[in-house]
Amino acid sequence: MKQFLLILSFCMLSLSASVQASGGYGITLEPAQNNLRDQDSLKRGAILFSNYCMACHSLKYMRYNRIARNLGWDEDAIVAEMAYGQSTVYEDVTTRILPGVAMDVFGTEPPDLSLMSRLKGTDYIYSFLRGYEQNEKGEWENHVLKGTAMPNVLEGIQRHSSEEEYAEAARDITNFLDYVGEPSKIDRLDLGWKVVAFLLVLLLLAYLLKREYWKDIEH
Ligand code: HEC
């Protein structure tokens, strides 16, 4: 019993540690509540990403034809929607900014966003995009990444759309980046259940087999 309690308290400890870790750095993050199964959201996110982010950011581990296949676009459609006919479907998603310009303008390179959702999490991206507030001098400040060199790129949506539309735009972009970070996540989640179900069936069979083997033996 003592041992059991000890193990239980260890589990509780590690659980609370991971909850704290997700908050991290003393920033409060808003839950992104994005849904990878929502293909319309992913498509909207991809188009928003093209319009609002590709001016500075790339997705160097992602190719247009993979996005097309996963999001249900045909190959011409994705080139039209995301690349304005400027790329072929076999190319990676590159940024539109010319080399060297970012360093001059922002003093830093905008990072590649292929794995950003894996690195920082979806809540972080969602909160970061929505984290801009204007100070008394009219300058934009981001409370998630203080002093960031990235401008408030969603300012137009923030100012001219409803609160729901603004939240939805940030959620759709986050959803798209979640997908890009791990394109086979849905397959993995679906497969997980099947594997567990298979193991349960196997457990039952193994148990029945064991009973069969042991039934004639005194024990
Ligand atoms: C005008 C150029 C520009 C555009 C457009 C832009 N970004 Fe950025 N972004 C930057 C720069 C520069 C940085 C590096 C910021 C820093 O280190 O302070 C950055 C950093 C980031 C980061 C990393 C933040 C971190 O914690 O390190 C994320 C995530 C991000 N951008 C997402 C986006 C998304 C999503 C969009 C589109 C909605 C977007 N950006 C559009 C310039 C841009």
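Higher on the page you've got the structure.
Throughout, residues of each chain are indexed from 1 in the direction in which the sequence is written. Two thresholds apply to this predicted model, a pLDDT of at least 70 for residue-level local features and 80 or more for giving and counting side-chain atom pairs, whereas whole-chain, interface and lining totals are computed over all residues. For side-chain calculations, the full set of non-hydrogen atoms in the structure is used, while hydrogens and water are omitted.

*Asks:* Give me a negative patch on the surface: which residues, what numbers.
*Replies:* A contiguous patch of negative charge on the surface is contributed by E133, E136, E139 and E141. Each helix is a run of H or I in the DSSP string that is no shorter than four residues. Each strand is a run of E no shorter than two, and both are numbered from the N terminus. Topologically, E139 is positioned in the loop between β3 (132-134) and β4 (140-142). With relative accessibility at 42%, the residue E139 sits in the partly exposed group. Each patch is built from salt-bridge-free residues with over 30% relative accessible area, joining like charges within 9 Å and nonpolar side chains (Val, Leu, Ile, Met, Phe, Trp, Tyr) within 5 Å. Per-residue accessibility takes into account occlusion by the displayed protein chains alone, with areas from the Shrake-Rupley method and a 1.4 Å probe. Note on definitions: salt bridges are taken to be side-chain nitrogens of Lys or Arg within 4 Å of carboxyl oxygens of Asp or Glu. Charge assignment: positive for Lys and Arg, negative for Asp and Glu; neither His nor the chain ends contribute. To locate a charge, take NZ of a lysine, CZ of an arginine, CG of an aspartate or CD of a glutamate. Burial classes follow relative accessibility: with a 1.4 Å probe on protein chains only, a residue under 20% of its type's maximum area counts as buried, one over 50% as exposed, and anything between as partly exposed.

*Asks:* Go over the pattern of salt bridges with me, naming the residues and quoting the values.
*Replies:* In total, this model carries nine salt bridges according to the counting rule given. Across the pair R188 and E182 runs a salt bridge whose closest N-O atoms are separated by 2.6 Å.

*Asks:* I'd like to hear about the site of the ligand, residue by residue, with values.
*Replies:* Nearness of a residue to a molecule or strand requires only that one of the residue's heavy atoms be within 4 Å of it. Near the ligand there are 20 residues, and of these C53, C56, H57, Y124 and M150 occur at the shortest range. Any pair of nitrogen or oxygen atoms within 3.5 Å is treated as a polar contact; in protein, a donor-acceptor pairing is required on top of that, and neighbouring residues in sequence qualify only through side-chain atoms on both sides. Between the ligand and Y124, the relevant distance is 2.4 Å, taken from an oxygen atom to a side-chain nitrogen or oxygen of the residue. One of the side-chain nitrogen or oxygen atoms of T148 is found 2.9 Å away from an oxygen atom of the ligand. The dominant element in the shell around the ligand, judged by the number of residues it contributes, is helix α7 (residues 122-129), at three residues. The residue makeup of the shell around the ligand, split by class, is 17 nonpolar, two polar and one charged. Throughout, the ten residues Ala, Val, Leu, Ile, Met, Phe, Trp, Tyr, Cys and Pro are labelled nonpolar, Asp, Glu, Lys and Arg are labelled charged, and all others, Gly among them, are labelled polar.

*Asks:* Would you mind going over helix α4 (residues 75-83) in detail, with residue names and values included?
*Replies:* A turn of α-helix holds 3.6 residues, and therefore any two residues three or four places apart point the same way. When α4 is considered as a whole, its buried residues turn out to be I78, V79, M82 and A83. Projection of α4 onto a plane perpendicular to its axis shows the buried side chains occupying an angular sector of 100°, all on one side. Throughout, a residue-residue contact means that at least one pair of heavy atoms, one from each residue, lies within 4.5 Å. Considering only its buried residues, α4 is in contact with α2 (39-52), α3 (64-71) and α9 (163-181). For α4, the side-chain oxygen to backbone nitrogen distance between the N-cap and D76 is 3.2 Å, and the N-cap itself is D74. Immediately downstream of α4, the backbone of Y84 shows phi near 50°, a positive value. Arc definition: directions from the helix axis to the C-beta atoms.

*Asks:* With reference to specific residues and values, describe the packing of aromatic side chains.
*Replies:* Note on aromatic pairs: the rings of Phe, Tyr and Trp (six-membered ring only in Trp) are paired at centre separations within 6.5 Å, and the planes decide the class, stacked below 30 degrees, edge-to-face beyond 60, tilted for the rest. One pass over the structure, following the stated rule, counts four aromatic pairs. Ring centres of F49 and F176 lie 5.7 Å apart, and the angle between their planes is 50°; on these two criteria the pair is classed as tilted. A residue pair is termed long-range when its members are at least 10 positions apart, and F49 in helix α2 and F176 in helix α9 qualify at 127 residues. In this structure F49 comes out as buried when scored by relative accessible area, which is 0%.

*Asks:* Kindly report on the nonpolar core, identifying the contributing residues and their values.
*Replies:* Counting residues in hydrophobic clusters, the biggest one holds 37 residues, and the most contacted among them are L59, I67, I78, F176 and Y179. Of all the elements in the fold, those that place two or more residues in this core are α2, β1 (59-63), α3, α4, α7 and α9. If you tally residues by element for this core, the top one is α9, at nine residues. Excluding residues within four positions of it along the chain, L59 makes contact with F49, D92, V93, D112, L113, S114, F176, L177 and V180. By nonpolar core is meant a set of buried Ala, Val, Leu, Ile, Met, Phe, Trp, Tyr and Cys residues that side-chain atoms within 4.5 Å join together. Formed by five residues, the second largest nonpolar core is a distinct cluster that contains Y124, F128, Y132 and V144.

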